Amino acid sequence: DIQMTQSPSSLSASVGDRVSISCRTSQNISRYLNWYHQKPGKAPKLLIFGASTLQSGVPSRFSGAGSGTTFTLTISGLQPDDFATYYCQQSFNSLVTFGQGTRLDI
Amino acid sequence: QIQLTQSGAEGRKPGSSVKVSCRASGGTFSSHAVSWVRQAPGQGLEWMGTIIPIFGKPNIAPKFQDRVIITADESTSTAYMELNGLKSEDSAVYYCARVLHGAFDYWGQGTLVSVSS
């Protein structure tokens with residue numbers, strides 16, 4: 001299995017801040033990396049696929065970068081709605097794996 | 001508008017089985033893969049398996065190979081996930097999700113499965 005390691009595991013920030021979350025993989029996955037956020041009691045929501053392509057309807061303050069084994073999700077200008085848990089997920093091979101999650105708190 | 005509607009919460013005893021359904025509406029069901037992902041209380045997301053309805057043969061995570069059956073019925077645009085030999089640690093919310101470009105772009109609302117004696 002491809003191991004996914006997110007950092008930090010939790011993060012505190014304020015409205016208007018710029019934050020970045022890292023996701024590292026145990027092997028080269030090219031750009032087969034997707035990002036989600038999830039609020040308590042809700043299903044995850046796709047933010048970015050293919051490492052950097054914004055899903056339709058997702059605000060442009062979200063951006064993704066990286067390739068190979070190191071990826072970053074950046075939120076520029078945090079909004080109250082952005083406080084949630086963030087997950088990365090690899091789709092390089094048929095055995096899908098997720099990162100352990102990064103909790104973003106106010 | 002694509003929607004995935006899952007069956008309701010289930011309570012089961014250890015050793016029994018549960019079957020969760022996921023009905024798709026508003027899109028083409030057969031040609032898109034559907035995956036099942038679960039989330040134990042306070043934990044992260046865990047992929048269980050994926051099926052492309054038009055092909056029928058699922059791809060199941062090694063951890064669940066001997067306990068999970070994933071099927072799809074094209075006539076009703078419904079995918080199913082059956083988990084056998086339930087244990088208390090299988091208590092979780094189970095989600096179905098549509099797969100596009102390897103990402104899960106639409107999700108069901110989740111089905112809570114509680115396993116307790």
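Cut-offs and rules
- Residues numbered from 1 in each chain as written.
- Chains lettered and ligands numbered in written order.
- Predicted model: local features only at pLDDT ≥ 70, side-chain atom pairs only at ≥ 80, totals over all residues.
- Heavy atoms only, no water.
- Pairing = 2+ DSSP bridges.
- Helix = DSSP H or I, 4+ residues; strand = E, 2+ residues; numbered from the N terminus.
- Axes fitted to C-alpha atoms, helices over the stretch in contact; angles between N-to-C directions.
- Core = buried A, V, L, I, M, F, W, Y, C linked by side-chain atoms within 4.5 Å.
- Buried < 20%, exposed > 50% of the residue type's maximum accessible area, 1.4 Å probe, protein only.
- Disulfide = S-S within 2.5 Å.
- 1 Å grid on protein atoms, 1.4 Å probe; cavity = no way out; pocket = protein on both sides within 12 Å on 5 of 7 lines; lining within 4 Å.
- Points joined across faces, edges and corners; volume = space filled by probe spheres on them.
- Nonpolar A, V, L, I, M, F, W, Y, C, P; charged D, E, K, R; others polar.

Q: So what about the sheet that holds strand 1 (residues 3-6) of chain B? Which residues, and what values?
A: All names here are of chain B. The sheet built from four strands is open, its strands ordered 1-3-8-7 with antiparallel pairing. Both edges of this open sheet fall to strand 1 and strand 7 (68-73), since each of them pairs with a single strand only. Taken over all neighbouring pairs, the strand axes of this sheet differ in orientation by 20° on average, direction set aside. In this sheet, strand 3 (residues 18-25) lies alongside strand 1 in antiparallel orientation, the contact comprising four bridges. Its bridge partner lying in strand 3, Thr5 is registered against Arg23.

Q: Explain the nonpolar core to me, using residue names and the numbers behind them.
A: If you look at the biggest cluster of nonpolar residues, it comprises 40 residues, and the most contacted ones within it are Phe98 of chain A together with Trp36, Val68, Met81 and Phe104 of chain B. Core analysis: the next-biggest nonpolar cluster, separate from the first, contains 23 residues, Cys23, Ala51, Phe71 and Leu73 of chain A among them.

Q: Tell me what's going on with the state of the cysteines, and back it up with residues and numbers.
A: By the definition in use, this model includes two disulfides over all chains. In this model Cys23 of chain A forms its disulfide with Cys88 of chain A; the gap between the sulfur atoms is 2.1 Å. Classification of the bridge connecting Cys23 of chain A and Cys88 of chain A rests on its S-S torsion, roughly 75°, and on that basis the disulfide is right-handed. A residue pair is termed long-range when its members are at least 10 positions apart, and Cys23 of chain A in strand 3 (residues 18-25) and Cys88 of chain A in strand 9 (residues 85-90) qualify at 65 residues. Judged on exposure class, the residue Cys23 of chain A and its partner Cys88 of chain A are both buried. In this model, Cys22 of chain B is linked to Cys96 of chain B through a disulfide, with the two sulfur atoms separated by 2.0 Å. The sign of the 75° torsion about the S-S bond sets the Cys22 of chain B-Cys96 of chain B disulfide as right-handed. Taken together, the residues span a long stretch of sequence, with Cys22 of chain B in strand 3 and Cys96 of chain B in strand 9 (residues 92-100) at a distance of 74 residues. The exposure class assigned to Cys22 of chain B is buried, which follows from its relative accessible area of 1%. For Cys96 of chain B, a relative accessible area of 0% gives the class buried.

Q: Please give an account of the pairing of strand 5 (residues 46-51) of chain B that cites residues and values.
A: All names here are of chain B. Extensive coverage of strand 5 is indicated by the burial of five of its six residues. Pairing of strand 4 (residues 33-39) with strand 5 involves five bridges; the strand directions are antiparallel. If you follow Ser35 over to strand 5, its bridge partner there is Thr50. The turn joining strand 4 and strand 5, which pair antiparallel and follow one another in sequence, is formed by six residues; a positive phi near 70° is taken by Gly42. One ladder, built from two bridges, connects strand 5 with strand 6 (residues 59-60); its direction is antiparallel. Bridge pairing links Gly49 to Ile60 in strand 6.

Q: So what's going on with empty space enclosed by the protein? Which residues, and what values?
A: Unfilled space is identified by rolling a water-sized probe across the atoms. Residues and elements named next belong to chain B. This structure, assessed with the given rule, holds one cavity of 30 Å³ or more. Of the pockets and cavities examined, the largest cavity occupies roughly 80 Å³. Forming the boundary of the largest cavity are Ile2, Leu4, Ala24, Ser25, Gly27, Thr28, Phe29, His32, Val34 and Arg98. The class makeup of the residues in the lining of the largest cavity is five nonpolar, four polar and one charged.

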